[in-house]
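Per-entry structural report
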Amino acid sequence: MSRPSRTVTAVSADGSPIHVEVYGPDGAPAVVLAHGWTCSTLFWAAQIRELAGDHRVVVYDQRGHGRTPFAAVSTDVLADDLEAVLGAVLAPGEKTLLVGHSMGGMTLMAASGRAAFAEHAAAVLLCSTGSSRLVEESLLLPMRAGRLRTRITRMILGARAPLGPVTPFSKRILKYGTMGPGSAPDRVAECARIVHACPRSSRVAWAHVLAELDLDVGVRELRVPTVVLAGTADRLTPMAHARRLAAELPDCRELVELAGMGHMTPVEAPEAVTAKIRELVATYVNVNADAEAKADATADAKAKEGRAA
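These remarks concern the structure in this document. Since we're looking at a predicted model, the values are computed, not measured.

Each value, and the rule that gives it
- Residues numbered from 1 in each chain as written.
- Predicted model: local features only at pLDDT ≥ 70, side-chain atom pairs only at ≥ 80, totals over all residues.
- Heavy atoms only, no water.
- Helix = DSSP H or I, 4+ residues; strand = E, 2+ residues; numbered from the N terminus.
- Contact = heavy atoms within 4.5 Å.
- Expected span 1.5 Å × (residues − 1).
- Buried < 20%, exposed > 50% of the residue type's maximum accessible area, 1.4 Å probe, protein only.
- Polar contact = N/O pair within 3.5 Å; in protein donor to acceptor, adjacent residues only side chain to side chain.
- Right-handed = clockwise from strand over helix to strand, strands pointing away.
- Pairing = 2+ DSSP bridges.
- 1 Å grid on protein atoms, 1.4 Å probe; cavity = no way out; pocket = protein on both sides within 12 Å on 5 of 7 lines; lining within 4 Å.
- Points joined across faces, edges and corners; volume = space filled by probe spheres on them.
- Nonpolar A, V, L, I, M, F, W, Y, C, P; charged D, E, K, R; others polar.
- Axes fitted to C-alpha atoms, helices over the stretch in contact; angles between N-to-C directions.
- Parallel < 35°, antiparallel > 145°, perpendicular 65-115°, else oblique.
- Salt bridge = Lys/Arg side-chain N within 4 Å of Asp/Glu carboxyl O.

1. Quick notes on the environment of R6
Locating R6 in the fold gives a position in strand 1 (residues 6–11). Not counting residues up to four positions away in its chain, the partners in contact with R6 are V20, E21, V22, D26 and V89.

2. Looking at helix 2 (residues 75–89)
With 15 residues, helix 2 extends 22 Å between its outermost C-alpha atoms, agreeing within 8% with the 21 Å of an ideal straight helix rising 1.5 Å per residue. Buried within helix 2 are the following residues: V77, L78, A79, D80, D81, L82, A84, V85, L86 and V89. Among the residues of helix 2, the N-terminal cap falls to S74, whose side-chain oxygen and the backbone nitrogen of D76 are separated by 3.3 Å.

3. Details of the pairing of strand 3 (residues 30–34)
With five of five residues buried, strand 3 lies mostly within the body of the structure. Note that the unit made of strand 3, helix 1 (residues 45–51) and strand 4 (residues 56–60) has a crossover that is right-handed. Examined bridge by bridge, strand 3 and strand 5 (residues 96–101) share five bridges and lie parallel to one another. Residue pairing for strand 5: V32 is matched across the bridge by L98.

4. Comments concerning the layout of surface pockets
Any empty space left between atoms is shown by rolling a water-sized probe over those atoms. Reported here for the largest pocket is a volume of approximately 910 Å³. Forming the boundary of the largest pocket are 36 residues, of which W37, L140, I156, L157 and T178 lie nearest the centre. Sorting the residues of the lining of the largest pocket by element identifies helix 5 (134–137), helix 6 (147–157), helix 7 (168–178), helix 8 (185–196) and helix 9 (200–211) as the ones contributing at least two each. Top contributing element to the lining of the largest pocket by residue count: helix 7, with seven residues. Considered class by class, the residues forming the lining of the largest pocket number 21 nonpolar, 13 polar and two charged.

5. Topic: unusual backbone geometry
A positive phi angle, near 70°, is found at T38, a position not held by glycine. Relative to the helices and strands, T38 is located in the loop between strand 3 and helix 1. The phi torsion at R133 lies on the positive side, around 55°, for a residue other than glycine. Looking at the secondary structure, you find R133 in the loop between strand 6 (121–127) and helix 5. Taking the relative accessible area as the measure of exposure, R133 reaches 44% and is therefore partly exposed.

6. Here's the deal with the environment of P165
Tracing the backbone through its elements, the reader meets P165 in the loop between helix 6 and helix 7. Classification of P165 by relative accessible area gives exposed; the value is 62%. Considered as a pair, P165 and G15 are 150 residues apart in the sequence and their alpha carbons are 33 Å apart. Beyond its immediate chain neighbours, meaning those up to four positions away, P165 contacts S170 and H196.

7. Details of the packing of helix 7 against helix 8
Contact geometry for helix 7 and helix 8: axes closest at 10 Å, N-to-C directions at 95°. Taken together, the axes of helix 7 and helix 8 lie roughly perpendicular to each other. Within the contact between the two elements, helix 7 uses S170, K171, L174 and K175 and helix 8 uses V188, A189, C191, A192, V195 and H196. Classifying every residue of the contact of helix 7 with helix 8 by side-chain character gives six nonpolar, two polar and two charged.

8. Some points on the pattern of salt bridges
Charged atoms that come close allow side chains of opposite charge to pair. For the coordinates displayed, the defined rule picks out 14 salt bridges. The shortest N-O distance in the salt bridge between E83 and R114 comes to 2.8 Å. In this pair, E83 is assigned in helix 2 and R114 in the loop between helix 3 (103–111) and helix 4 (115–120), connecting sequence segments 31 residues apart. Here D251 makes a salt bridge to R253, at a shortest N to O gap of 2.6 Å.

9. A few points about the sheet that holds strand 8 (residues 252–258)
Taken together, the eight strands give an open sheet; going across it, the order is 1-2-4-3-5-6-7-8, and neighbouring strands pair in mixed fashion. Lying at the two open borders of the sheet, with one neighbouring strand each, are strand 1 and strand 8. Across the sheet, the mean angle from the axis of one strand to that of its neighbour is 20°, orientation sign disregarded. Pairing between strand 6 and strand 7 (residues 226–231): four bridges, direction parallel. By the bridge assignment, V124 is partnered in strand 7 with T226. This element, helix 3, spans strand 3, strand 4, strand 5 and strand 6 of the sheet and lies at about 130° to strand 5.

10. Re the packing of helix 2 against helix 3
For the pair helix 2 and helix 3, interaxial distance at closest approach is 8 Å and the crossing angle is 85°. Put simply, helix 2 runs roughly perpendicular to helix 3. In contact with T75, L78, A79 and L82 of helix 2, helix 3 contributes M103, T107, L108, A110 and A111. Looking at the contact of helix 2 with helix 3, its residues break down into seven nonpolar, two polar and no charged.

So this is what it looks like as structure tokens:
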């Protein structure tokens, strides 16, 4: 991954420092990318590589991931941390495309009613995510849905055992659980390196938060234009979640189904995800910037007319 144009430490509401990286030229349209559970800024390497030439790409480590220290965890602090990031890297009133994968998408749902979200969000892309019933609807286990499957799934996702080194066996397990059957070996290895680097304490703590997740209210408050994207072979957040989001969002513009892809869509299908980001920036962020520029020009013209009179 290329070197960031600058790094920033955002300070969350509880004083926690949040590691933020900014790529691309100042003044370019902004895209803010929020990664998922057990990942880090490295998860967005393909998007950074393809977008940073003509976009300002903002990525940050969720607390307890990457270079952001572990601290208290909840959906409220996900929203707090995002607000801190937006305030640290965007000018007042500046609009951006917000992209969230998995827990990153849940971050956007949790923040949908916040002032900073309303101030800065031009549009949203939700990748491979859900708002509730994550454990109950997971397809990790080839069992009939019910209490037993839910209980065993909860135990697996919240297990305290260390993941250990990346091995051929661990990559097979990761691929089964989080990626499509046709995923390229190099992309499986990339995801394995990222996931295995997540500290065990953070992985377990956030697993408990996600197991009790209920952000359905946040979905209904997410009123900006939104696109939902998901892989049809996703076992962690199956297509049922994406379809429910598309039905319940106030302004869902599209449901994108990526055939054969699993949960790690930005890594498994980087071209499709990056193309959708470009499209949404061109449609919503650039339009906002053009409108603001015209408004400023009109205001300047009126001021000049007033001075001339």
